[in-house]
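Descriptive analysis of the structure
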Amino acid sequence: MKLLKLVFLLLFVGLNSCIQEDIVDDAVPEELRIISSVNTLKVGDVVKLQASYFNNVGEKENKNIVWETSNSNVLFIDALTTNITALAEGTATITVKTTGSSGELTDSEIIMVVKDGVVVMPSENTKKGTIAPTASYVAAGDFEISKTTNGIQIILDDNYVADESLPGFALFLTNNPNSLANALQIDAYDDVDGTHYKGAFTYILDGVGINDYQYLVQWCRPFSILVGKATITDK
Amino acid sequence: MFFFQQSDAQWNKGKGNGYYKISAWSLVANQHYTNTGEIDPNATRGNFTLSFYGEYGISNKLDFITYVPFLTRIYQNAQISGTNGNVLQAGEAVNAIGDIDVGLRYGLIKKNHFALSTTLKLGLPTGKNKAGSDGSFQTGDGEFNQLITVDAGTSYQLFSKPAYAKTYIGINNRTQGFSDEFHYGIESGIKLGNKLWVLARLNSVNSFKNGTLSAQNSQGSIFANNIEYVSVGAEVAYYITSKLGVSLNYTSAVSGRIIYAKPSYSGGLFLDIQ
């Protein structure tokens with residue numbers, strides 16, 4: 001009888017082994033980023049540029065954003081609609097501003113205005129990055145990101161490597177390399193089509209903007225281990 | 001994956017004799033040995049196992065052995081943002097039976113203070129090899145393995161107190177693409193007073209790295225192939241009566257690959273009939 005009581009006591013203890021909390025240091029610098037990728041306009045063009053504010057965990061948040069132009073004779077900004085009109089040939093810098101919890105945040109983009117009729121070669125606006133290990137596992141490789149008709153493509157170079165010994169490998173685009181809370185998973189061990197671990201490969205991602213994310217990261221997803229990180233920069 | 005439990009061989013029990021033990025085993029780890037033997041952090045995971053271990057002497061030379069982890073609880077802590085307190089990943093737990101071992105030990109030589117035996121232990125895939133929201137809360141490896149060992153032991157007097165030392169080597173034939181393993185271990189104990197045994201042990205598992213299971217062909221399963229470790233541990237066993245006793249154990253991997261890098265603790269109530 002005593003043995004039975006002991007077994008039940010152990011069962012009770014076992015079934016109630018506590019799930020506690022791990023505190024994750026997920027702070028990142030706040031950022032204001034121009035999302036639209038416009039480098040060249042023709043005189044008479046009207047565009048609506050977009051910018052996003054990312055808070056201190058990399059999460060997109062609504063903020064009042066102010067748009068400014070360095071030369072209103074070239075680019076005019078409608079304060080109400082934030083539409084930008086190309087008025088005359090030349091170059092102007094568009095600047096966005098907002099106030100974050102850490103102070104003023106800005107981002108800017110140089111836009112060239114050409115006269116109507118000039119054939120404008122679409123800007124490639126390509127991004128690039130190099131994955132570096134953040135843990136003891138193998139993580140390496142260069143990549144480029146370019147726009148497609150409906151989104152972007154991530155082109156991994158021949159030197160790309162993810163560690164095959166990782167239990168639960170996954171690849172993400174994110175604005176916070178320390179958390180997967182707002183990350184976009186683009187490849188994972190449990191995908192129906194499997195996972196890519198080594199060598200050249202191209203991911204096609206529809207509905208994703210080229211400036212939407214700042215990092216490409218490799219994770220061991222089940223055990224929450226960041227194993228590789230690349231900052232996405234302009235090529 | 002990522003954990004180990006070891007039940008050690010003993011000398012033959014003798015016909016009708018037995019050793020039975022109910023244990024609670026716990027391992028909580030926020031770091032692990034990587035595939036290169038480095039120590040890296042991970043989300044805190046816990047493994048709590050309630051088990052029954054039994055040895056029964058079928059004859060003077062043949063023992064039946066079993067290990068039944070009748071409750072294995074695998075859990076992971078909730079991941080909480082240190083910046084805003086939001087839940088980044090909810091905590092999760094799975095309760096299930098683990099992989100059961102059954103085996104036979106056959107006494108080869110028993111002469112004076114020396115004993116040599118061989119043991120065949122079969123690992124039955126009774127646990128869940130895919131559990132939880134992402135399949136990683138496994139309570140078993142999903143494969144049927146056969147571990148055959150040769151065990152040698154001797155008893156002697158140390159500081160005028162009863163003592164023993166034993167060792168084993170073994171080969172673990174694993175299936176389902178897992179690599180086979182070479183096992184070895186040593187153990188030594190001494191009896192202090194009339195009721196207390198204190199012992200220390202070292203166990204090691206080494207992979208032959210001959211398995212075909214890989215990340216590329218695992219079909220979405222989480223697996224830990226080619227686990228290796230050297231663990232050291234200490235145990236005290238106190239006989240409350242001549243047959244009934246309690247034991248406490250501490251074991252930690254001092255090196256390893258794809259295994260948790262934190263110590264485990266266990267406590268048990270045993271019945272030693274001889």
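These numbers were taken from a predicted model, which means no experiment stands behind them. (Residues numbered from 1 in each chain as written. Chains lettered and ligands numbered in written order. Predicted model: local features only at pLDDT ≥ 70, side-chain atom pairs only at ≥ 80, totals over all residues. Heavy atoms only, no water.)

**Here's the deal with the overall build of chain B**
Within chain B, the secondary structure is distributed over 0 helices and 16 strands. By the compact-globule yardstick of 19 Å for 274 residues, chain B fits well, its C-alpha radius of gyration being 20 Å. For chain B, the spread of C-alpha atoms along the principal axes amounts to about 65 × 40 × 30 Å. Scored against the burial criterion, the 274 residues of chain B give a buried share of 51%. Considering only contacts in chain B between residues 6 or more positions apart, those separated by 24 or more positions represent 61%. Here chain B has roughly 11,800 Å² of accessible surface; of this, 59% comes from carbon and sulfur atoms. (Helix = DSSP H or I, 4+ residues; strand = E, 2+ residues; numbered from the N terminus. Rg over C-alpha atoms; globule rule 2.2 N^0.38 Å. Buried < 20%, exposed > 50% of the residue type's maximum accessible area, 1.4 Å probe, protein only. Contact = heavy atoms within 4.5 Å. Areas by Shrake-Rupley, 256 points an atom, 1.4 Å probe, with all protein chains shown as cover.)

**Describing the interface of chain A and chain B**
The interface of chain A with chain B comprises 39 residues on the first partner and 46 residues on the second. Taken together, the two surfaces of chain A and chain B that pack against each other cover about 3,500 Å², and 59% of this comes from carbon and sulfur. The largest contributions to the chain A side of the interface with chain B come from I19, D22 and F223 of chain A, which together make up 19% of the buried area. On the surface where chain A and chain B come into contact, there are 0 salt bridges. On inspection of chain A and its partner chain B, the count reaches 19 residue pairs in polar contact (both at pLDDT 80 or more). The element that contributes the greatest number of residues to the side of chain A that touches chain B is helix α1 (residues 2-15) of chain A, accounting for 8 residues. (Buried area = accessible area lost by both parts, 1.4 Å probe. Salt bridge = Lys/Arg side-chain N within 4 Å of Asp/Glu carboxyl O. Polar contact = N/O pair within 3.5 Å; in protein donor to acceptor, adjacent residues only side chain to side chain.)

**Notes on the pairing of strand β9 (residues 83-86) of chain A**
Successive side chains on a regular strand alternate, one facing one side of the sheet and the next facing the other. All names here are of chain A. Burial of β9 is one-sided: the residues I84 and A86 facing one way are buried, the residues N83 and T85 facing the other way are not. Two elements, strand β4 (residues 46-48) and β9, share 3 bridges in a ladder whose sense is antiparallel. Note that in β9 the partner of V47 across the bridge is I84. Here 3 bridges tie strand β8 (residues 75-77) to β9, and the two strands are oriented antiparallel to one another. The partner of L75 across the bridge, within β9, is A86. The turn linking β8 back onto β9 is made up of 5 residues, and T82 within it adopts a positive phi angle of 60°. (Pairing = 2+ DSSP bridges.)

**Some words on the nonpolar core**
The biggest cluster of nonpolar side chains holds 44 residues, and the ones touching the most others in it are F143, I152, I154, L173, I186 and L216 of chain A. Secondary-structure elements contributing two or more residues to this core are β13 (139-147), β14 (151-156), β16 (169-174), β18 (201-206), β19 (215-220) and β20 (225-231) of chain A together with β1 (18-33) and β15 (259-260) of chain B. Ranked by the residues each element gives to this core, the list is headed by β1 of chain B, at 4 residues. What L173 of chain A contacts, discounting residues up to four positions off in sequence, is I152, I154, A183, L184, I186, L205, Y213, Y215, L216 and I232 of chain A. Ranked by size, the runner-up nonpolar core spans 20 residues in total, among them V38, Y53, A92 and I94 of chain A. (Core = buried A, V, L, I, M, F, W, Y, C linked by side-chain atoms within 4.5 Å.)

**What about the domain arrangement of chain A?**
Residue and element names in this part refer to chain A. Domain assignment breaks chain A into domain 1 (31-114) and domain 2 (127-234). When each unit is reduced to the centre of its C-alpha atoms, the spacing between domain 1 and domain 2 is 28 Å. The partner domain 2 presents 9 residues to the 10 residues of domain 1 that form the contact. Each partner contributes to the roughly 740 Å² buried at the junction of domain 1 and domain 2, and carbon and sulfur atoms together form 35% of this total. Counting the surface domain 1 buries against domain 2, the share from its top three residues, R33, I35 and S37, is 51%. Our count for the domain 1 to domain 2 interface comes out at 0 salt bridges. (Domains from an automatic or database assignment.)

**Re the packing of aromatic side chains**
Given two aromatic rings, their pairing is described by the distance between the two centres and the angle made by the two planes. What the rule picks out here adds up to 9 aromatic pairs over all chains. Each ring, one from F201 of chain A and one from Y203 of chain A, has its centre 4.9 Å from the other, and the planes form 65°; the classification is edge-to-face. Its relative accessible area of 7% is what places Y203 of chain A among the buried residues. Arranged with centres 5.6 Å apart and planes meeting at 55°, the rings of Y164 of chain B and W197 of chain B form a pair that is tilted. Of this pair, Y164 of chain B sits in strand β10 (residues 161-173) while W197 of chain B sits in strand β12 (residues 196-207); the two residues are 33 residues apart in sequence, bridging distant segments of the chain. A connected cluster of aromatic rings, assembled from ring pairs, spans Y19, Y53, Y239 and F270 of chain B. In this arrangement the basic side chain of K63 of chain A is found over the ring face of Y53 of chain A, its NZ or CZ atom lying 5.2 Å from the centre. The cationic tip of R45 of chain B hangs over the ring face of F223 of chain A; the distance from NZ or CZ to the ring centre is 4.2 Å. (Phe/Tyr/Trp six-rings, centres within 6.5 Å; stacked < 30°, edge-to-face > 60°. Lys NZ or Arg CZ within 6 Å of the ring centre and 35° of its normal.)

**Quick look at the UniProt feature "domain: DM13" (unreviewed entry) in chain A**
Mapped onto the present numbering, the UniProt feature "domain: DM13" (unreviewed entry) falls on residues 129-233 of chain A. Helix makes up 0% of residues 129-233 of chain A and strand 50%, with an end-to-end C-alpha separation of 6 Å. (UniProt positions renumbered as here; feature names shortened; annotations may be inferred.)

**Overview of the environment of E21 of chain A**
Note that E21 of chain A resides in strand β1 (residues 21-24). Judged by relative accessible area, E21 of chain A falls into the exposed class, the value being 54%. Apart from residues no more than four positions distant in its own chain, E21 of chain A is found in contact with N77, A78 and I80 of chain B.

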